There are 2 protein chains.
Amino acid sequence: MTFDFHAYLKSRKALVEEALDRLVPAADRLPARLNGAMRYSLLIGGKRLRPILALAACEAVGAPLERAMNFAAALECIHTYSLIHDDLPAMDDDDLRRGHPTCHKQYDEATAILAGDALLTLAFELAARPVEEVRAEQQLAIIEKLSAAAGVHGMVGGQMLDMEAEGQELDLPGLQNIHIHKTGALIYIACLGGALLGGGTPEQAQQLKRYGERIGLAFQITDDILDEVGDSLEMGKNVGADREHNKATYPKLMGLAQARQEAQRHIDEAIKCLHDLPGDAEPLRELARYIISRTH
Amino acid sequence: MTFDFHAYLKSRKALVEEALDRLVPAADRLPARLNGAMRYSLLIGGKRLRPILALAACEAVGAPLERAMNFAAALECIHTYSLIHDDLPAMDDDDLRRGHPTCHKQYDEATAILAGDALLTLAFELAARPVEEVRAEQQLAIIEKLSAAAGVHGMVGGQMLDMEAEGQELDLPGLQNIHIHKTGALIYIACLGGALLGGGTPEQAQQLKRYGERIGLAFQITDDILDEVGDSLEMGKNVGADREHNKATYPKLMGLAQARQEAQRHIDEAIKCLHDLPGDAEPLRELARYIISRTH
């Protein structure tokens, strides 16, 4: 029996989007415009990588994916809010996201700020909903880790470092430090949280956390490579933007060929973390490979 | 023995500020500027009404205030983030807050957006930290309620309604609806959460929630009155701003005298909710009176 990764990805994306649509319903009451902006940015598309990773990690430790569904939706809310705020005129000032107008272009700046705030807040409401078979102590611990990964010492801090680095000469450790926080934190917490919700042992949870850290790095290197060589259609945003802003990227710092090698090295290391898991780890292996496949 | 409310308020404010200073320490690592902006807005001053209410509600049901301290700090983080974002140029565009430059004036707009995001995220990290003597199930339920009160159907939704109302003719129910969400939600959740953390019965928790709803309304009416008659020094912000923006206010819709009466009526109703509590409810009674005392 071969594993049909394409079909897997498609069905998981559908599952996640069905959950998002259900958990963030169209407004039957005010404020309808704010609700509309939240749903616009949340449902406009995207790879749903973080929620899919959380579900896959939950299954890899041998639990049904339903147990991680609210958490998976929470991750996508946090990811989406961060995109909305990063796109704002005072930040990266982007007009296009996932091939569509950014939230502040489609609505307005104030609505976009509030839609981001509301999505971030909603994420914690979802993460706090009781889950059958999961101890409340465990859920609390996951919320604490999720906040830490998303906040000043995680994702938000990474965005700040990224902004501060603009116009500066960055070396490789400096660039890596930005991405570990900006992109990496939410990816590893997806894997770690999914494993913990699935009842994984502390050791299994650590394995999946390390897996997440590695694919996070590979993910960012791949994004940099795509920005260098990809096309606008594939990325759904303006390509060459990093070059335009004269930002440090992996291809610029180590050359395209070595950047590809480096991404591959992280993926190999990630896959090595997946030994001896009680559930099906094949989807996580394929997800790791998928992350860099777009560069070839 | 008479209750020295002035001394009480002063010592509680000091307790809360000591906790904030400890829970959001000065950065020993990057990003220092973001950490600085968070601390600037958090520690610059303010009445600390929400955290003080949470601590007082916890004591009113007979528990030591320490049990609600992390939650109290979380409330102040959420309140502060909402002020930072509301002050942004795309929102209310205010230069002055608590007598000091607003966060985006002291730092810059991007830093202010991120500082708000980081404070909101931190709030849930604090609320999720285990508290001795409090069941994890209870804490999860409080986090869920806190998110709901702070999000699209609570505080953030209220700010959206407020923005949408600008330039519109608002009637009294419309004005009240804005304030129930924008200001009221976080005030009632302070009281409700404090009561639940203190181990109050469901009935006691409901009493304190209703108390919070009433003082929330009185608080907003008082703010409107102060905007009409107060002075800039007392408010620490530009007075008459609501009039300038031609915004609906209670004094404008019902006249100054009746607005005062209405605030008093809500305070009377709030105090009525405080019967038969196992702990000391005197501070809550005084806090209710304090909320409107500034108008006399």
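Quick note: structure is the one above.
Predicted model only: the values in this text are computed from it and were never measured. (Residues numbered from 1 in each chain as written. Chains lettered and ligands numbered in written order. Predicted model: local features only at pLDDT ≥ 70, side-chain atom pairs only at ≥ 80, totals over all residues. Heavy atoms only, no water.)

1. Topic: the overall build of chain A
- A tally of helices and strands in chain A yields 15 helices and 2 strands.
- For chain A, whose C-alpha radius of gyration is 18 Å, the value lies close to the compact-globule estimate of 19 Å for 296 residues.
- Expressed as lengths along the three principal axes of its C-alpha atoms, the size of chain A is roughly 50 × 50 × 35 Å.
- With 296 residues in all, chain A has 59% of them scored as buried.
- Sequence separation of at least 24 residues holds for 72% of the intrachain contacts in chain A that already meet a minimum separation of 6.
- Of the roughly 11700 Å² of accessible surface on chain A, a fraction of 48% belongs to carbon and sulfur atoms.
- Charge-centre separation for chain A: the mean point of 31 positive side chains lies 3 Å from the mean point of 44 negative side chains. (Helix = DSSP H or I, 4+ residues; strand = E, 2+ residues; numbered from the N terminus. Rg over C-alpha atoms; globule rule 2.2 N^0.38 Å. Buried < 20%, exposed > 50% of the residue type's maximum accessible area, 1.4 Å probe, protein only. Contact = heavy atoms within 4.5 Å. Areas by Shrake-Rupley, 256 points an atom, 1.4 Å probe, with all protein chains shown as cover. Lys, Arg positive; Asp, Glu negative; His and termini not counted. Charge placed at Lys NZ, Arg CZ, Asp CG, Glu CD.)

2. Here we look at the interface of chain B and chain A
- Contact residues are listed per partner, giving 44 residues for chain B and 44 residues for chain A.
- Across the chain B to chain A interface the summed buried area is about 4100 Å²; carbon plus sulfur atoms make up 76%.
- The three residues of chain B that bury the most area against chain A are Thr121(B), Leu140(B) and Met160(B), which together make up 15% of that side's buried surface.
- Salt-bridge contacts for Glu144(B) lead to Arg129(A); the nearest nitrogen and oxygen are separated by 3.8 Å.
- Taken together, the connections running from chain B to chain A amount to 4 residue pairs in polar contact (both at pLDDT 80 or more). (Buried area = accessible area lost by both parts, 1.4 Å probe. Salt bridge = Lys/Arg side-chain N within 4 Å of Asp/Glu carboxyl O. Polar contact = N/O pair within 3.5 Å; in protein donor to acceptor, adjacent residues only side chain to side chain.)

3. Re the packing of helix 10 (residues 202–229) of chain A against helix 14 (residues 256–272) of chain A
Residue and element names in this part refer to chain A.
- At a minimum axis separation of 8 Å, helix 10 and helix 14 run at an interaxial angle of 155 degrees. Of the possible angle classes, the one that applies to helix 10 and helix 14 is roughly antiparallel. Once helix 10 is placed against helix 14, the crossing between them reads as left-handed. Contacts between helix 10 and helix 14 involve Tyr211, Arg214, Ile215, Leu217, Ala218, Ile221, Thr222, Ile225, Glu228 and Val229 from the former and Leu256, Ala259, Arg260, Glu262, Ala263, Arg265, His266, Ile267, Glu269 and Ala270 from the latter.
- Of the residues belonging to the contact of helix 10 with helix 14, the class tally is 12 nonpolar, 2 polar and 6 charged. (Axes fitted to C-alpha atoms, helices over the stretch in contact; angles between N-to-C directions. Parallel < 35°, antiparallel > 145°, perpendicular 65-115°, else oblique. Left-handed = near helix turned anticlockwise from the far one by under 90°. Nonpolar A, V, L, I, M, F, W, Y, C, P; charged D, E, K, R; others polar.)

4. Observations regarding the packing of aromatic side chains
Residues and elements named next belong to chain A.
- For the structure on display, the rule yields 11 aromatic pairs over all chains.
- Ring geometry for Phe5 and Tyr8: centres 6.0 Å apart, planes at 25 degrees, overall stacked. You can see Phe5 and its partner Tyr8 sitting in helix 1 (residues 5–23), 3 residues apart, about one turn around the helix. An identical accessibility class is assigned to Phe5 and Tyr8; each is buried.
- Each member of the aromatic cluster is reached from another via a ring pair, and the members are Phe3, Phe5, Tyr8 and Tyr290.
- Here the guanidinium or amino end of Lys209 rests over the ring plane of Tyr188, the centre of that ring lying 5.0 Å away. (Phe/Tyr/Trp six-rings, centres within 6.5 Å; stacked < 30°, edge-to-face > 60°. Lys NZ or Arg CZ within 6 Å of the ring centre and 35° of its normal.)

5. Structural notes on the state of the cysteines
- Following the criterion strictly, the structure yields 0 disulfides over all chains and no others.
- Free of any disulfide, Cys191(B) has its nearest neighbouring cysteine sulfur in Cys273(B), separated by 10 Å. (Disulfide = S-S within 2.5 Å.)

6. Remarks on the relation of the copies chain B and chain A
- Note on the identical chains: chain B maps onto chain A by a rotation of 180 degrees and an axial translation of 0.0 Å, with an RMSD of 0.0 Å. Taken together, the rotation and translation relating the two chain copies correspond to the operation of a two-fold axis. Ranked by how close their C-alpha atoms come to the rotation axis, the residues of chain B are headed by Ala136(B), at 2.7 Å. (Least-squares fit on C-alpha atoms with pLDDT ≥ 70 in both.)

7. Remarks on the environment of Leu208(A)
- Its location among the elements puts Leu208(A) in helix 10.
- Owing to a relative accessible area of 0%, Leu208(A) belongs among the buried residues under this scheme.

8. Considering the pattern of salt bridges
Residues and elements named next belong to chain A.
- Tallying each qualifying case throughout the model produces 37 salt bridges over all chains.
- Arg48 serves as the salt-bridge partner of Glu76, at 2.9 Å between the closest nitrogen and oxygen. Taken together, the residues Glu76 in helix 4 (residues 69–86) and Arg48 in the loop between helix 2 (32–43) and helix 3 (49–60) connect sequence positions 28 residues apart.
- For Glu76, a relative accessible area of 1% puts it in the buried group.
- Salt bridges here are not isolated pairs; linked through shared partners, they connect Lys13, Glu17, Arg48, Glu76 and Arg98.

9. Regarding the nonpolar core
- Within the largest apolar cluster, 205 residues are counted, with the highest numbers of intra-cluster contacts made by Leu53(A), Tyr211(A), Leu287(A), Leu53(B), Tyr211(B) and Leu287(B).
- Other than its neighbours up to four places away in sequence, Tyr211(B) contacts Leu53(B), Cys191(B), Ala270(B), Cys273(B), Leu274(B), Leu284(B), Leu287(B) and Ala288(B). (Core = buried A, V, L, I, M, F, W, Y, C linked by side-chain atoms within 4.5 Å.)

10. Remarks on the environment of Leu277(B)
All names here are of chain B.
- Here Leu277 shows up in the loop between helix 14 (256–272) and helix 15 (282–293).
- For the pair Leu277 and Ala60, spaced 217 residues apart in sequence, the C-alpha separation works out to 6.2 Å.
- Discounting residues that sit within four places of it in the chain, Leu277 has contacts with Ala60, Gln204, Gln207 and Leu208.

11. As for helix 3 of chain A
Residues and elements named next belong to chain A.
- Taking 1.5 Å per residue, 12 residues should reach 16 Å; helix 3 reaches 16 Å between its end C-alpha atoms and fits that length.
- Most of helix 3 sits inside the fold, with 11 of its 12 residues counted as buried.
- Turning to helix 3, its buried residues are Leu49, Arg50, Pro51, Ile52, Leu53, Ala54, Leu55, Ala56, Ala57, Cys58 and Ala60.
- Contacts from the buried residues of helix 3 go to helix 1, helix 4, helix 9 (172–197), helix 10 and helix 15 (282–293). (Expected span 1.5 Å × (residues − 1).)

12. Quick word on unusual backbone geometry
Residues and elements named next belong to chain A.
- Of note, Asp93 is a non-glycine position whose phi angle comes to about 55 degrees, a positive value.
- Within the fold, Asp93 resides in the loop between helix 4 and strand 1 (96–97).
- Looking at Asp93, the relative accessible area reads 44%, which means it is partly exposed.

13. Concerning the packing of helix 7 (residues 136–150) of chain A against helix 9 of chain A
All names here are of chain A.
- Across the interface, helix 7 lies against helix 9 with an axial gap of 10 Å and an inter-helix angle of 175 degrees. Compared by their axis directions, helix 7 and helix 9 come out roughly antiparallel. Here Gln138, Gln139, Ile142, Lys145, Leu146 and Ala149 of helix 7 lie close against helix 9, whose contacting residues are Ala185, Leu186, Tyr188, Ile189, Leu192, Gly193, Leu196 and Leu197.
- A breakdown of the residues in the contact of helix 7 with helix 9 according to their chemical character gives 10 nonpolar, 3 polar and 1 charged.

14. Observations concerning helix 1 (residues 5–23) of chain B
All names here are of chain B.
- Taking 1.5 Å as the rise per residue, helix 1 with 19 residues should run 27 Å; its terminal C-alpha atoms sit 27 Å apart, in good agreement.
- Taken together, the buried positions of helix 1 are occupied by Phe5, Tyr8, Leu9, Arg12, Val16, Ala19, Leu20 and Leu23. Summarising the axial view, the buried residues of helix 1 lie within an arc of 100 degrees, below the 170-degree limit, and thus occupy one face. Exposed and oriented more than 90 degrees from the buried face of helix 1 are His6 and Lys10.
- Close packing links the buried residues of helix 1 with helix 2 (32–43), helix 3 (49–60), helix 4 (69–86), helix 6 (109–128) and helix 15.
- For helix 1, the N-terminal capping position is held by Asp4, with its side-chain oxygen 3.3 Å away from the main-chain nitrogen of His6. (Arc of directions from axis to C-beta.)

Just geometry here; none of it tells us what the structure is for.
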